[in-house]
Structure formats: C-alpha cells, structure tokens
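Next come the chains, spelled out residue by residue.
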Amino acid sequence: MINKPLAYRMRPKLLEDVLGQKKIKAFLNNLLENKALVSMIFYGPPGTGKTTLAQAFANSFDAYSIRLNAVLDNKSQMQEAFDEAIRFNPSIVIIDEIHRLDKAKQDLLLPHLENGDFYLIGCTTANPLISLNPAIRSRTRLLESVPLSKEDILEGLKRAVKSKDGLADSRMFDEDALLYLASISSGDLRFAYNQLEAIALSFSKSHQIALEDVKEIAIAPNYLSDKDEDEHYDTVSALQKSIRGSDVDAAIYYLAKLLKGGDIEGLIRRLLVTAYEDVGLANPQAVDRCYHACLVAREVGLPEAMIPLSFSVCDLALSPKSKASYQAIQAASDLIDSSPTHVRSYLRLKTTGIPRDEQYDYTDPELWPHLLYLPEGMEKTTFFHGWGNGKYERALMEEYQRLSSLIKADSISKARRIVEEERRKRKNEKTGSH
C-alpha cells in the first residue's frame, strides 16, 4: 500500500500541535477555555496551515466537523452536508477556498449562518476584504494566517524526520541541510515537507544527507511573491507605488516578481485600478491601453502575458498622473457618511405633488447647467479638483470653470427665467450687430 504524501501524514490532529500562528492560536485557545464558538474565516498564503488549524480546532473542541471545498463540492453535496451538520450540536462546517463560492452556494449557506444552525470556518488564500461576499464577511471573524518563521519550518522538518507518521528516522539529515530547506520555503510548510520527502526518497537509508545533496535535488526556492502571500500583497503595493512615482524600472522589477508567482488575475486587477486611480484624467488613452493590454494578457496567458503587461506598466509609469477623479469620489463618500441629505424635489424620479412648471424639463438642454444639483445647504461644496497634468484634464478643468461661473437656480422656474434672459440678450446683441 502506497503511503499518503508526507505533508498529509504530518498534519496535526490537535490545536496544541500546530506550528506557528500564535495570534490565531491564542484566540482559538480562548474559545476552548470559554467553551464558546464563533464562525471564522482563516485567510493567508498557501502552506500556512489554515485548513489544518480549522480541523485541529474542531478536534480540540470535540465538535462534529464536516469539510467541504467551494470548487469541488456541488450545490446538492453542500446541502446534504449542511443538513447533516444541523443534526449535531455543536457542529463546524469547514469550507476550503470559500472565496470561490458562487451565488447559489452562498444562498444555501447564509440562512444557516443567520440562524446559527452550525458554525463556519472558511479557509482562503485570497484577501477576504476583496474576494469575500460582504454578507458572509459580516457574519464571521476574520483571522489572518501568516507565513511560518524559518524556525517553525525547521521544527516541522525535524518532527517529520523523527515522527512515525513521517520518515520515522529512516533517513539521516545534517542540520544545515534541514536549515537550507527551511530557508527556501518562504514560510510554506507544505512546500518544505514536499521537498523533504522528495530528497529522502532520492537516497538510501544508509546515506547521511548533506547540504550539497539537498541543493542538488531541491527545486528552485519558493518565490516570496507566490500567490496570495503577505509578500505578494506587499509586492502589489510596491508595484502601484512605483507606477505612481513614475519609476519605470522599479515598476518593471515588481511586475516581474509578481509574474513569477503566476497570479495573473490579481495582477490585472491591480493594474486596472492603478490606471484609473493614479493616471486617470491626466492620460485617459493610457488607461484604455491598459485595459486592452490586460485583455491580451488573459488571452495569451503566461509566459507571453508578460509582454502586454510590461507594455502597460511602462506606459502608466511614464504617463502624467492625476488622482482627481479618485479623490473626488473619496471626498463625496466621506461626506455622505457624515451628513445624510435629501434629493431636491425637481431631481426626484416621481413628480407627484410638484407643480408642472417646477418639474424637470427633459427638452431644454440650455436649462440644465443653470440648475443647482447638490442637496440644499451644499451649494458651495466641491469634490473635483483637477491636477492639470495632461491636455485632456486641463480641458476638463477649463470647462469646469466655465460651468461653475454660470448663474445657478434652486427651482425650475428660476432657472427658466435665467435662460430666457440670456436668450433675450443674445437676440438683442444679434439684432444690434446688424
């Protein structure tokens, strides 16, 4: 009978045996001490023990647990699992890759969370603030699983060498050989176990495995920007800041680092956001080119996707910058949070109770710029402040100034009188010129 992979065999059964994750374990231990349960989402890089933590916690709590996968398990399988979980108290449903739940599966899950039928532990490598349904997020406690330290990885490797579930002392490793494996694993214990097992199977039981042996067989280091790691998010942040700072060389470097991790979808999302947020109105053509470059990158896939993405990164980094549109919506959003207001009567969808001469006129475009559109009391409020860093934005700023100088009215009838007066003046000027 062929053994299961080493990483599977070394999976801890109880919370006390889990390596690293001190913050999460402290919280989980408090739950154990208080005999309390809450629904949770564990998020973080691959190989940091999210699913292991979930199962070990369920075992330590002595709760009935069911494990599901958002991608592999269909709607009917999930419904059966939920029905089963309801029959036990307490019960925990563990869902791997929870960010991949489609709407139909979410609709199945949410009522159970609301009713407290069972407790959920979701596991995901994606950022839950971006990828997770807000309705699920609001009903769970978010707990971040971080890459393990080199010391944690080394301890795990030593355990695996000695454990009866691991290599059971069937192979001998030099200390520096194990330390090297820990150093190239980038906090991913699963990666380290896989490497250890491959190396162990490459030598006889009598061979003392040295550092040179490990370097000869081990695959390339686990890239720090590997998908969904903390380092990945830091690298994404560095890419955007480099583009914003017009440092094309740094931007290309971080692009290359992210491409090594293979998360092309995450990279494309960040590039599109960067284009609209940081270049924006200063160079709309570059924003459009970024969108088309991303479409091409998706179509051709890696490794060729690096070509259109590099094109766009260079284009964005060397473009003039304007955050005017981003800052405008941020300022408006902040004000809405602090000062709720009502829409003016002539802007409302339904005109019931409004006199005909005060109803919005859809037929007179000359009238529209003379109306006040912001709520009462906000007439002097401005959100748009152009940067003027490109020809297009400078033209918009000129038009903004022209429109701002027009006489505004707080009713349709007043605005109509303003327009009629301007028309009379133009007519008189035309007549006078003849």
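Computed from a predicted model, the values in this text were never measured in an experiment.

Some remarks on the overall build of the chain
- If you tally the helices and strands in the chain, you get 19 helices and seven strands.
- The C-alpha radius of gyration of the chain comes to 30 Å, more than 25% above the 22 Å expected for a compact globule of 434 residues.
- Counting every position in the chain, which comprises 434 residues, the buried fraction comes to 44%.
- Pairs at least 24 apart in sequence give 75% of the contacts found in the chain among residues at least 6 apart.
- Only carbon and sulfur atoms are counted for the fraction: they give 54% of the accessible area of the chain, which is about 24000 Å².
- Averaging the locations of the 56 positively and 61 negatively charged side chains of the chain gives two centres separated by 4 Å.

A few points about the nonpolar core
- With 28 residues, the main nonpolar core has Leu157, Phe173, Leu181, Tyr193, Leu196 and Ile199 as its most contacted residues.
- In terms of residue count, helix α10 (residues 189–200) provides more of this core than any other element does, seven residues in total.
- Dropping the residues within four chain positions of it, Phe173 is found in contact with Val161, Leu167, Leu178, Leu196, Ile199, Ala200, Gln208 and Ile209.
- Val236, Ala251, Leu267 and Leu316 belong to the second-largest nonpolar core, a separate cluster that totals 22 residues.

As for the packing of aromatic side chains
- According to the stated counting rule, one finds seven aromatic pairs in the structure shown.
- Note on Tyr360 and Tyr362: the rings are 5.0 Å apart at their centroids and 80° apart in plane angle, and the pair reads as edge-to-face.
- Assessed through its relative accessible area of 66%, Tyr362 is described here as exposed.
- Of the aromatic side chains, those joined through ring pairs into one cluster are Tyr360, Tyr362 and Trp368.
- Sitting above the plane of the Tyr8 ring, Lys4 keeps its charged end 5.1 Å from the centroid.

With respect to the packing of helix α13 (residues 248–261) against helix α16 (residues 306–317)
- Between α13 and α16, the least distance of the axes is 9 Å, while the angle of their chain directions is 150°. By the angle class used here, α13 and α16 are roughly antiparallel. When you trace α13 past α16, the crossing you get is right-handed. Taking contact as the criterion, the partners of Val248, Ala251, Ile252, Leu255 and Leu259 in α13 are, on α16, Met306, Leu309, Ser310, Val313, Cys314 and Ala317.
- Tallied by class, residues from the contact of α13 with α16 come to 10 nonpolar, one polar and no charged.

What about the confidence of the model for the chain?
- In this model, the chain carries an average pLDDT of 88, and 96% of its residues clear a pLDDT of 70 or more.
- No element of the chain has a lower mean pLDDT than helix α6 (residues 128–131), which averages 78, and none a higher one than α16, which averages 95.

Notes on the environment of Arg139
- Residue placement: Arg139 occurs in the loop between α7 (134–137) and β5 (141–144).
- For Arg139, a relative accessible area of 35% gives the class partly exposed.
- Through-space distance from the C-alpha of Arg139 to that of Leu113 is 7.2 Å; in sequence the pair is 26 residues apart.
- Only 3.5 Å separates the side chain of Arg139 from the side chain of Ser138, close enough to count as a polar contact.

Thoughts on helix α4 (residues 75–86)
- If you check α4, its first and last C-alpha atoms are 17 Å apart, about what 12 residues at 1.5 Å a residue would give, namely 16 Å.
- Regarding α4, the residues found buried are Met78, Ala81, Phe82 and Ala85. End-on, the buried residues of α4 take up no more than an arc of 100°, which puts them together on one face.
- Along its buried surface, α4 packs onto β2 (64–69), β3 (91–96) and α5 (103–115).

Focus: the pattern of salt bridges
- Per the counting criterion, the structure on display carries 22 salt bridges.
- Residue Arg244 pairs with Glu277 through a salt bridge whose shortest N-O separation is 3.6 Å. You can see Arg244 sitting in helix α12 (residues 230–244) and its partner Glu277 sitting in helix α14 (residues 264–279), a full 33 residues away along the chain.
- Arg244 sits in the partly exposed class, given a relative accessible area of 32%.

Some thoughts on the side chain of Ser413
- If you trace the backbone, Ser413 turns up in helix α19 (residues 412–433).
- A polar contact of 2.5 Å, which involves the side chain of Ser413, links it to the side chain of Glu358.
- Excluding residues that lie within four positions of it along the chain, Ser413 makes contacts with Asp357 and Glu358.

As for the sheet that holds β5
- The sheet built from five strands is open, its strands ordered β2-β3-β4-β1-β5 with parallel pairing. Either end of the sheet is taken by a strand with one partner, and the two such strands are β2 and β5. Put simply, the sheet's adjacent strands are angled 20° from each other on average, direction ignored.
- In this structure, strand β1 (residues 40–43) lies alongside strand β4 (residues 119–124), joined through four bridges in parallel fashion. The residue of β4 that forms the bridge with Met40 is Ile121.

Examining the pairing of β4
- Counting buried residues along β4, five of its six residues qualify, which places the element largely inside the surrounding structure.
- As paired elements, β3 and β4 share five bridges and run parallel to each other. Residue Ile94 lies in a different strand from β4, and its bridge partner there is Ile121.
- Since β3 and β4 lie parallel, the crossover through α5 that links them has a hand, and here it is right-handed.

Re the packing of helix α2 (residues 22–34) against helix α3 (residues 50–61)
- Running from amino to carboxyl end, α2 crosses α3 at an angle of 20°, the nearest separation of the two axes being 10 Å. When the interaxial angle is binned, α2 and α3 end up roughly parallel. Viewed along their axes, α2 and α3 form a crossing whose handedness is right-handed. The residues of α3 that touch α2, namely those facing Ile24, Lys25, Leu28, Leu31 and Leu32, are Leu53, Phe57, Ser60 and Phe61.
- Its residues assigned to classes, the contact of α2 with α3 comprises seven nonpolar, one polar and one charged.

Conventions we followed
- Residues numbered from 1 in each chain as written.
- Predicted model: local features only at pLDDT ≥ 70, side-chain atom pairs only at ≥ 80, totals over all residues.
- Heavy atoms only, no water.
- Helix = DSSP H or I, 4+ residues; strand = E, 2+ residues; numbered from the N terminus.
- Rg over C-alpha atoms; globule rule 2.2 N^0.38 Å.
- Buried < 20%, exposed > 50% of the residue type's maximum accessible area, 1.4 Å probe, protein only.
- Contact = heavy atoms within 4.5 Å.
- Areas by Shrake-Rupley, 256 points an atom, 1.4 Å probe, with all protein chains shown as cover.
- Lys, Arg positive; Asp, Glu negative; His and termini not counted.
- Charge placed at Lys NZ, Arg CZ, Asp CG, Glu CD.
- Core = buried A, V, L, I, M, F, W, Y, C linked by side-chain atoms within 4.5 Å.
- Phe/Tyr/Trp six-rings, centres within 6.5 Å; stacked < 30°, edge-to-face > 60°.
- Lys NZ or Arg CZ within 6 Å of the ring centre and 35° of its normal.
- Axes fitted to C-alpha atoms, helices over the stretch in contact; angles between N-to-C directions.
- Parallel < 35°, antiparallel > 145°, perpendicular 65-115°, else oblique.
- Left-handed = near helix turned anticlockwise from the far one by under 90°.
- Nonpolar A, V, L, I, M, F, W, Y, C, P; charged D, E, K, R; others polar.
- pLDDT = per-residue confidence, 0-100.
- Polar contact = N/O pair within 3.5 Å; in protein donor to acceptor, adjacent residues only side chain to side chain.
- Expected span 1.5 Å × (residues − 1).
- Arc of directions from axis to C-beta.
- Salt bridge = Lys/Arg side-chain N within 4 Å of Asp/Glu carboxyl O.
- Pairing = 2+ DSSP bridges.
- Right-handed = clockwise from strand over helix to strand, strands pointing away.

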